[in-house]
Amino acid sequence: TSLLGLQVAGVPLMIGMLWMTLSLSTYSVLENMLLDMLKVSAWIKSVMGAGIMTFIDYLIEPFAIRHGMWYWH
């Protein structure tokens, strides 16, 4: 919806900025706080990062739909 501001091809630019922020935050947590101590491979970090971001998206969807940020046909 227009609630998130300026859009390109019907997609709010804010969505891209929010996902970039989420990606960088997830990377920072995994790289600096958790996995640096464990010396985990880059592949495992990627899988964990994808899992964390998917879980966060799972939590965000109901909130965003309920508050009119977007909807699905």
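Before any of the text, the structure's been laid out above.
Now for a description of the structure that goes with this document. As the structure is a computational prediction, the values presented were derived from the model and not from experiment.

### Digging into a nonpolar patch on the surface
Okay, so step 1: Side chains of Trp-43, Ile-44, Val-47 and Met-48 sit close together on the surface and give an oily, nonpolar patch of about 390 Å² of accessible area.
Okay, so step 2: Mapped onto the elements of the fold, Ile-44 is located in helix 2 (residues 42–66).
Okay, so step 3: Since its relative accessible area comes to 34%, Ile-44 is described here as partly exposed.

### Describing unusual backbone geometry
Okay, so step 1: Positive phi, normally seen in glycine, also occurs at Ala-9, with a value near 55 degrees.
Okay, so step 2: With respect to the helices and strands, the residue Ala-9 is situated in the loop between strand 1 (7–8) and strand 2 (11–12).

### Some remarks on the side chain of Thr-26
Okay, so step 1: Among the secondary structure elements, Thr-26 is positioned in helix 1 (residues 13–38).
Okay, so step 2: In this structure the side chain of Thr-26 is engaged in a polar contact, spanning 2.8 Å, whose partner is the backbone oxygen of Leu-22.
Okay, so step 3: Beyond its immediate stretch of four places on either side in the chain, Thr-26 contacts Gly-49, Ile-52 and Met-53.

Thresholds applied
- Residues numbered from 1 in each chain as written.
- Predicted model: local features only at pLDDT ≥ 70, side-chain atom pairs only at ≥ 80, totals over all residues.
- Heavy atoms only, no water.
- Patch = residues over 30% accessible without salt bridge, like charges linked within 9 Å, V, L, I, M, F, W, Y side chains within 5 Å.
- Areas by Shrake-Rupley, 256 points an atom, 1.4 Å probe, with all protein chains shown as cover.
- Salt bridge = Lys/Arg side-chain N within 4 Å of Asp/Glu carboxyl O.
- Helix = DSSP H or I, 4+ residues; strand = E, 2+ residues; numbered from the N terminus.
- Buried < 20%, exposed > 50% of the residue type's maximum accessible area, 1.4 Å probe, protein only.
- Polar contact = N/O pair within 3.5 Å; in protein donor to acceptor, adjacent residues only side chain to side chain.
- Contact = heavy atoms within 4.5 Å.

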